[in-house]
Amino acid sequence: MIIACNHIEKRFNDKIILSDVHFHINPQDKIGLIGHNGAGKTTLFKMITKEILPDNGEITYSKNCSIGYLEQHMTLQGNSTVYDELIKVFDEVIKLESKLEDMANEIAKTHSLELTNQYDALRQTFEEKKGYEYKSLVKGVLKGLGFLSEVYDRQINELSGGQKTRVALAKLLLEEPSILLLDEPTNHLDIASIEWLENFLRSYRGAVLVISHDRYFLDKIVNKVVHLEFGKSNVYYGNYDHFIIESAKAHEVAMHQYEKQQQEIARQKAVIAKLRQFNREKSIKRAESREKMLAKQEVMEMPMIDNKPMNLILAPQIQSGNDVVSVNNLKKCFNDKVIFDNICFDIKRGDKVAIVGANGVGKTTIFKMMLEQFAPDGGEIKIGTNVHIGYYDQAHDTLNTKNTIIEELQENFPSLTNGHIRNVLAAFLFIGEDVFKPISSLSGGERGRVVLSKIMLSFANLLLLDEPTNHLDIMSKEVLERAISTYEGTVLYISHDRYFINQTATKILEMQPNKMTLFLGDYDYYIEKKKEQDSNFEPSLQVTEVKAQASKADWQKSKELQTQIRRLKTQIEKTEQNISDIEAQIEDIDNQLCQEEVYSDFERSKQLTDDKENFENEMAALYEKWEELSCELETFE
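Residues numbered from 1 in each chain as written. Predicted model: local features only at pLDDT ≥ 70, side-chain atom pairs only at ≥ 80, totals over all residues. Heavy atoms only, no water.

K.L.:
What exactly am I supposed to notice about helix α11 (residues 363-370) here?
P.N.:
Since one α-helical turn is 3.6 residues long, residues separated by three or four positions face the same way. Along α11, six of the eight residues are buried, which leaves the element largely enclosed by surrounding structure. The complete set of buried residues in α11 reads K363, T365, I366, F367, M369 and M370. Following α11 by one or two positions, E372 has its phi on the positive side, about 65 degrees. (Buried < 20%, exposed > 50% of the residue type's maximum accessible area, 1.4 Å probe, protein only. Helix = DSSP H or I, 4+ residues; strand = E, 2+ residues; numbered from the N terminus.)

What follows is the structure, encoded as structure tokens:
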């Protein structure tokens, strides 16, 4: 165990932020810390790094625990170049390298046997500290995080905020602390860089605790989720998708238990009232006895769940023609450098289209050209009949910070009733007194939701959204997904959020400097097709035949087939029960490890940690078996 958080509490100005946070981090754990904006995720990070102290509870650390912390907004400064800044990580190795060089020169002159032996010992240390590979490691990390070679020699002070954050992330990854605390590490990365980071973190030898609203990213790397909700923590084992399923089940079970207890309390109260109605000594004594029992009973709190948005289908006030946008042979240059050329695509009414591509390829530039902020250097953009564009960017410059939320919408849409405005705001999670919050006090995610509600109420029927999920928490992303999915107009957006693309896109445009490629489907379909193209995939006759057989499974109800299906279902049920049993044992070990008499006893703590590791390995094998059985069952059903 590296770090244990034991019943952490934290208040700010008498407002409870965290009331009972309780979990621990083991070596090689990959943990996702999730919760809505304001749930206390960054506060918890600052307590783990000892930047602030908890009001109650304690955080314990293992011996030689080293922490690397990537803040969401890094303030990396200095005149060093990007490459030199990262090379500093290996200062000790560079000193060893210089010493080895001096020793080699001395050996060449003196042929000293003693010096040769010292040289061999030092060279072994040099090799263990990655002396022969540190330069390639630095370049590999820079390349993986999307830095072009011409950026290596640029000074840190010349970089943008996003680039500085990526340099800080690269530095942390090279330092290899025993635990990485990463606060929104994917915010300034393109999809290729995010995929590289996923692979790096999955194979990282230390532990990782990550705050991220990128659900696809979480799904790929985490093996545990700590959910902060209403100041308390709940721990779930598995990836993000598993957390979604299990947290919904847990809430359903808790609600069922609560309702059952409430029914029993109501029944007991009815019995007590009936006994008192008899107004006899014995019946009154029995009523008093039941009242005492009822008073001693520990009443469950009603299980709560974060505010969910109301369902509201949003439709544009003016319908566009069928041909919304047509782009032909578009070209753009800056300072005689060609950014892109030969870009062609068409957008039809009702399309939900995601544009993907590397950073710097010109995606936002196309939006600026559609808004007539930039002129094309070749080709043309045709905007269709009755098309009205609504543009969303990350700056949120259209908001008047002197207004409250509802005043902002009333001012912009004076003809709409308060009821209509409040209904739309409720769809974007602004309910009750929330609508009277001043714009100036809102977080970036909340301001984003206000801008989106304004766009949805406007005359726009073509929405251009530039990275709309940046700085939104998971629930806000779900709101946006629902809004786009039910929106009856046309949406064209730029995003690196693969989960979001999967939920909303009906088409994907992959942008490269000299072409735009259309894929009909969501992100998973796009990835599948890319893999086929990369491997020159050609579907065989055999695959076609298997699909044909699968499509006939609904009517091919032979006895042999039914027997196989029953056998598979039985095996799946048994495997699920085994998984539940092991999860219960792991949870029991976790509870033990958080007890002082256990974690202060090295032998007992080590035994429990070893037992847990064995259980986790067994559970991983069971999950794999369950997936295999489920896939096999799907081929029959």
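Now that the structure has been shown, the text picks up again.
K.L.:
Where do I start with the pattern of salt bridges in this structure?
P.N.:
If charged atoms from side chains of opposite charge come close, those side chains can pair. Inspection of the entire model under this criterion finds 26 salt bridges. Across the pair R215 and E481 runs a salt bridge, and its minimum N-O distance is 2.3 Å. Separated by 266 residues along the polypeptide, R215 in helix α8 (residues 215-221) and E481 in helix α15 (residues 474-486) bring together distant segments of the chain. Look at R215 and you get buried, because its relative accessible area is 1%. The closest approach of N and O atoms between E264 and R267, which form a salt bridge, is 3.0 Å. One end of the pair is E264 and the other is R267, both in helix α9 (residues 240-278) and three residues apart, which spans about a single turn. (Salt bridge = Lys/Arg side-chain N within 4 Å of Asp/Glu carboxyl O.)

K.L.:
What is the right way to read the nonpolar core from this model?
P.N.:
Inside soluble globular proteins, nonpolar side chains tend to come together where they are buried. Residues L182, L201, F428 and I508 are the most contacted members of the largest nonpolar core, which totals 98 residues. Sorting elements by how many residues they give to this core places helix α6 (residues 161-175) first, with seven residues. (Core = buried A, V, L, I, M, F, W, Y, C linked by side-chain atoms within 4.5 Å.)

K.L.:
What should I look at first to understand the domain arrangement of the protein in this one?
P.N.:
Domain annotation of the protein identifies domain 1 (1-66 + 178-238), domain 2 (80-176), domain 3 (245-296), domain 4 (323-521) and domain 5 (566-635). In this complex, domain 1 contributes 17 residues to the contact, which on the side of domain 4 involves 21 residues. Of the roughly 1,600 Å² buried between domain 1 and domain 4, counting both surfaces, carbon and sulfur atoms make up 52%. Viewed at the interface, domain 4 and domain 1 are joined by three salt bridges. At the junction of domain 1 and domain 4, the tally comes to five residue pairs in polar contact (both at pLDDT 80 or more). Only α7 (191-202) and α8 provide two or more residues apiece to the side of domain 1 that touches domain 4. The dominant element in the side of domain 1 that touches domain 4, judged by the number of residues it contributes, is α7, at four residues. Tallied by class, residues from the side of domain 1 that touches domain 4 come to six nonpolar, six polar and five charged. (Domains from an automatic or database assignment. Contact = heavy atoms within 4.5 Å. Buried area = accessible area lost by both parts, 1.4 Å probe. Polar contact = N/O pair within 3.5 Å; in protein donor to acceptor, adjacent residues only side chain to side chain. Nonpolar A, V, L, I, M, F, W, Y, C, P; charged D, E, K, R; others polar.)

K.L.:
What should I look at first to understand the packing of aromatic side chains in this one?
P.N.:
For the structure shown, the criterion picks out 14 aromatic pairs. Ring geometry for Y240 and Y499: centres 6.3 Å apart, planes at 90 degrees, overall edge-to-face. Taken together, the residues Y240 in helix α9 and Y499 in helix α16 (residues 498-504) connect sequence positions 259 residues apart. Grouping residues by exposure puts Y240 and Y499 together as buried. Its guanidinium or amino end placed over the ring of F147, R166 lies 4.5 Å from that ring's centre, counting from NZ or CZ. Lying across the ring of F430, R449 places its NZ or CZ 4.7 Å from the centre. (Phe/Tyr/Trp six-rings, centres within 6.5 Å; stacked < 30°, edge-to-face > 60°. Lys NZ or Arg CZ within 6 Å of the ring centre and 35° of its normal.)

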